[in-house]
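Structural characterization, general
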Amino acid sequence: MLEKAVLTSLLRQMYRIRLFEERLKRHYDYQAYVTESPSSRDDGFIVSDGYDFASKGLIGGAVHLSIGQEAVSVGVCAHLEPTDAAFSSHRSHGHAMAKGIPLRQVMAELMGREGGCCYGCGGSMHLFDPDHGFLGGNGIVGGQLPLALGPAFAAKYQGTRGVSVAFFGDGAANQGTLLESLNLAALWKLPVLFVCENNLYANSTPASLALPVPDVAPRARALGIPGEVVDGQDVLAVYDAAGRAVARARDGQGPTLLEMKTYRFEGHCGFAGEHQNPEECAQWRQRDPIRLLEQRLAAEGILAPAEQQALRAQAQAEVEDAEAFAIASPLPDPRRLAAFVD
Ligand SMILES: Cc1ncc(C[n+]2csc(CCOP(=O)(O)OP(=O)(O)O)c2C)c(N)n1
Ligand SMILES: [Mg+2]
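Residues numbered from 1 in each chain as written. Chains lettered and ligands numbered in written order. Predicted model: local features only at pLDDT ≥ 70, side-chain atom pairs only at ≥ 80, totals over all residues.

1. A short note on helix 2 (residues 70-77)
With eight of eight residues buried, helix 2 lies mostly within the body of the structure. For helix 2, the complete set of buried residues consists of Glu 70, Ala 71, Val 72, Ser 73, Val 74, Gly 75, Val 76 and Cys 77. (Buried ≥ 20, exposed ≤ 12 C-beta atoms within 10 Å, placed from the backbone. Helix = DSSP H or I, 4+ residues; strand = E, 2+ residues; numbered from the N terminus.)

Structure follows, in structure tokens:
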């Protein structure tokens, strides 16, 4: 078993991300977002067009939650330094916070405020903070994969032992960018971790309708690099697999593809009134990554329920502080946008 300090940190980080995203419910008006209810077709597709990007809350635009998937961002980022790079997708809040962007800056960014990590000009899908090595969410599915090779190449060239991580979904796994990026990273033995979060859906398309075989990991083996399937609900399994992959990368042995089997507990975007597949979701909730770790730490006498409650309360206070900070932060000066264009 890992040291108590590491285990406590893993639990704390998962609390921070979970409670942060749950708090967004107050500020993100989902009902105003989807204008037409999704309907199921016989072939399993769920049709859910009819979007209205207006939100009545303080947070506008599209917001993709990672509630249920926290073990992946936390277990991987626990091995990273601020000088290591991480890239993410449209579903990036958890990665950004696990990589070290303070909650205040993330919340303010989601509310489009000056105090945000991108001065309120980026929003949910474009969190970015080079000081913490978080080199961006991406609205283009699969766009982050080739980007992750840049810092990896720089680290190898400069001999810094730095690593670069690309978090991506099962949907992104079918973009050509994955093969191109795996190929080049394998060829040049770049220190990259490709972390596929296979949450069984790409928007409303079940992975079973998009992947000819259930696993993405074996694709790496075709290029001579390790590809491993990991239980993405078990933060200790994630921590273990990521630790080995990061060590390989730092030692100059090249990239690894880790496929995390996981599940998002909310809708594709925002808080759905009901999940697209409530029975399946209820089953996966039995394997809530936070509950699994809490139970294990209590059973092994490492962290008693009262200590866990105290950690949770600290995380909740941090979330509320971030919310107050964001609300008090002014809207950005529109001239900032002009500066970006220049
Ligand atoms: C190139 C591109 N195609 C389509 C979309 C629309 N889109 C946004 S999210 C998404 C699903 C992505 O699924 P996955 O990679 O599994 O990530 P998840 O949402 O499950 O985290 C799609 C198709 C897009 N943003 N970019
Ligand atoms: Mg997915």
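2. Here's the deal with the pairing of strand 8 (residues 227-231)
Taken together, the five bridges between strand 8 and strand 9 (residues 256-261) define a ladder with parallel strand orientation. Across the sheet, Asp 231 pairs through a bridge with Lys 261, a residue of strand 9. Assessed by its sense of winding, the connection that carries the chain from strand 8 through helix 9 (residues 235-250) to strand 9 is right-handed. (Pairing = 2+ DSSP bridges. Right-handed = clockwise from strand over helix to strand, strands pointing away.)

3. Examining helix 9
The terminal C-alpha atoms of helix 9, which comprises 16 residues, lie 22 Å apart, in line with the 22 Å expected from a rise of 1.5 Å per residue. Looking at helix 9, one finds that the buried residues are Val 235, Val 238, Tyr 239, Ala 241, Ala 242, Ala 245, Val 246 and Ala 249. Its buried side turned inward, helix 9 meets helix 1 (4-23), helix 2, strand 5 (192-198), strand 8, strand 9 and helix 11 (289-299). A positive phi of about 80 degrees marks Gly 252, the residue just after helix 9. (Expected span 1.5 Å × (residues − 1). Contact = placed C-beta atoms within 7 Å.)

4. Description of the nonpolar core
Counting 84 residues, the largest nonpolar core has Met 14, Val 165, Ala 166, Val 192, Leu 193, Val 195 and Val 238 as the members making the most contacts within it. Of all the elements, helix 9 adds the most residues to this core, at eight residues. Discounting residues that sit within four places of it in the chain, Val 192 has contacts with Ala 148, Leu 149, Ala 152, Ser 164, Ala 166, Ala 185, Ala 249 and Pro 255. (Core = buried A, V, L, I, M, F, W, Y, C linked by C-beta atoms within 7 Å.)

5. Let's talk about the environment of His 93
The residue His 93 is located in helix 3 (residues 93-98) in this model. His 93 sits 73 residues away from Phe 20 along the chain, and the two C-alpha atoms are 9.1 Å apart. Not counting residues up to four positions away in its chain, the partners in contact with His 93 are Glu 21, Ser 66 and Val 106.

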